[in-house]
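Here is what each chain is made of, one letter per residue.
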Amino acid sequence: MPESPLLAVRQLDAFYGDLQALFGVSIELATAEAIAVIGANGAGKSTLLKSIAGLLRARRDAIAFDGVPIGGIPAHDVAARGIALVPEGRGLFASLSVEENLLIGGQLKRSGPWNLHRIYELFPVLAERRRLPSTALSGGQQQMVAIGRALMSNPKLLLCDEISLGLAPIVVRDIYARLPTILGERVSVVLVEQDIVQALKVAERIYCLQEGRVALAGAAKDLTREAIAAAYFGV
Ligand SMILES: Nc1ncnc2c1ncn2[C@@H]1O[C@H](COP(=O)(O)OP(=O)(O)O)[C@@H](O)[C@H]1O
Ligand SMILES: [Mg+2]
């Protein structure tokens, strides 16, 4: 566990109306650290990210960022503090070009290393396709736009919701190969993944959610496949 975490989620509960989706979830993340949050469909992974991003109500002190309680503050305030979400399904604007989608991410005008030039350096294929509508791109390229748009806000924390979903393994490897560069800019990353093998390659620590609770947490290198499978599937 990091000594002074960038992000500290403490005993977070989350609800959709009467349905409770998270039960006392606690996670921590240090600056420039990557963690993976894994778990089966419906385990609560997206709910956790949405709560951190300010898209769901949360107790104020259930989420601390940079030492400041931010639970339940509006999403645009969370973004302004330096948390960017790459949402499930990417959420690109279909009527806008690749470059226009990227520029939307820059509207917060936070200072930092990321700008159009750096995004095109990270994902050169996007520079070639910058004038095309985002819908003209392959799934993997669209995911790159979604990640680039999030980085354009110069976040301290990047929340990635299943970036590998529906993509071919070679495309997933290609995207994951960029993570060290992102971490090298002191951006912390939460990777929500069902592709455990990929996630474990880059994440120092993992949390496994099961039915809205943390079923297992620890350093990736200390956890056995059996322990992960048991926590993941609840067997
Ligand atoms: N918008 C919603 N309204 C009601 N229930 C939801 C909503 N989104 C998710 N849930 C429920 O919350 C639980 C956790 O879902 P989710 O966080 O999306 O899981 P995961 O991302 O791990 O697949 C599930 O039981 C799911 O059915
Ligand atoms: Mg999800």
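In this report, the structure presented in the accompanying data block is examined. Keep in mind the model is a prediction, meaning the values are calculated, not measured.

A closer look at the sheet that holds strand 1 (residues 7-16)
With antiparallel pairing, four strands are arranged side by side in an open sheet as 2-1-4-5. Unpaired on one side and paired on the other, strand 2 (19-29) and strand 5 (68-69) mark the two borders of the sheet. Pairing of strand 4 (residues 63-65) with strand 5 involves two bridges; the strand directions are antiparallel. The residue of strand 5 that forms the bridge with Ala64 is Pro69. Contacts from helix 1 (residues 45-52) reach strand 1, strand 2 and strand 4 within the one sheet, and its direction differs from that of strand 1 by about 110 degrees.

Examining helix 6 (residues 139-151)
Helix length check: helix 6 (13 residues) gives 18 Å between terminal C-alpha atoms against 18 Å at 1.5 Å per residue, within 8%. When you tally the buried positions in helix 6, you get twelve out of 13 residues, the bulk of the element. Inspection of helix 6 places Gly140, Gln141, Gln142, Gln143, Met144, Val145, Ala146, Ile147, Gly148, Arg149, Ala150 and Leu151 among the buried residues, and these make up the whole buried set.

Looking at the state of the cysteines
Covalent bonding between the sulfur atoms of two cysteines defines a disulfide. Here the structure, examined in full by the defined rule, presents zero disulfides. With no disulfide of its own, Cys160 has Cys208 as its nearest cysteine by sulfur position, at a separation of 18 Å. Taking relative accessible area as the criterion, Cys160 reaches 2% and is therefore assigned buried. When its relative accessible area of 0% is taken as the criterion, Cys208 is described as buried.

Comments concerning unusual backbone geometry
Of note, the phi angle at Gln11 is positive, near 50 degrees, even though the residue is not glycine. Among the structural elements, Gln11 can be located in strand 1. Even without being glycine, Lys109 reaches a positive phi, approximately 55 degrees. Turning to its location among the elements, Lys109 is positioned in the loop between helix 3 (98-105) and helix 4 (116-122). A relative accessible area of 72% places Lys109 in the exposed class.

As for the site of ligand 1
In the vicinity of ligand 1, the contacting residues are Tyr16, Leu19, Ala21, Ala40, Asn41, Gly42, Ala43, Gly44, Lys45, Ser46 and Thr47. Within the backbone of Gly44, one N or O atom sits 2.9 Å away from an oxygen atom of ligand 1. With respect to ligand 1, the side chain of Lys45 contributes an N or O atom lying 2.8 Å from an oxygen atom. Protein burial of ligand 1: of its 560 Å² of free accessible surface, 61% is covered by the chains. Only strand 2 and helix 1 provide two or more residues apiece to the shell around ligand 1. Broken down by element, the residue count for the shell around ligand 1 peaks at three residues, all from helix 1. Of the residues contributing to the shell around ligand 1, the split by class is five nonpolar, five polar and one charged.

Criteria and thresholds
- Residues numbered from 1 in each chain as written.
- Chains lettered and ligands numbered in written order.
- Predicted model: local features only at pLDDT ≥ 70, side-chain atom pairs only at ≥ 80, totals over all residues.
- Heavy atoms only, no water.
- Pairing = 2+ DSSP bridges.
- Helix = DSSP H or I, 4+ residues; strand = E, 2+ residues; numbered from the N terminus.
- Contact = heavy atoms within 4.5 Å.
- Axes fitted to C-alpha atoms, helices over the stretch in contact; angles between N-to-C directions.
- Expected span 1.5 Å × (residues − 1).
- Buried < 20%, exposed > 50% of the residue type's maximum accessible area, 1.4 Å probe, protein only.
- Disulfide = S-S within 2.5 Å.
- Near = heavy atom within 4 Å.
- Polar contact = N/O pair within 3.5 Å; in protein donor to acceptor, adjacent residues only side chain to side chain.
- Areas by Shrake-Rupley, 256 points an atom, 1.4 Å probe, with all protein chains shown as cover.
- Nonpolar A, V, L, I, M, F, W, Y, C, P; charged D, E, K, R; others polar.

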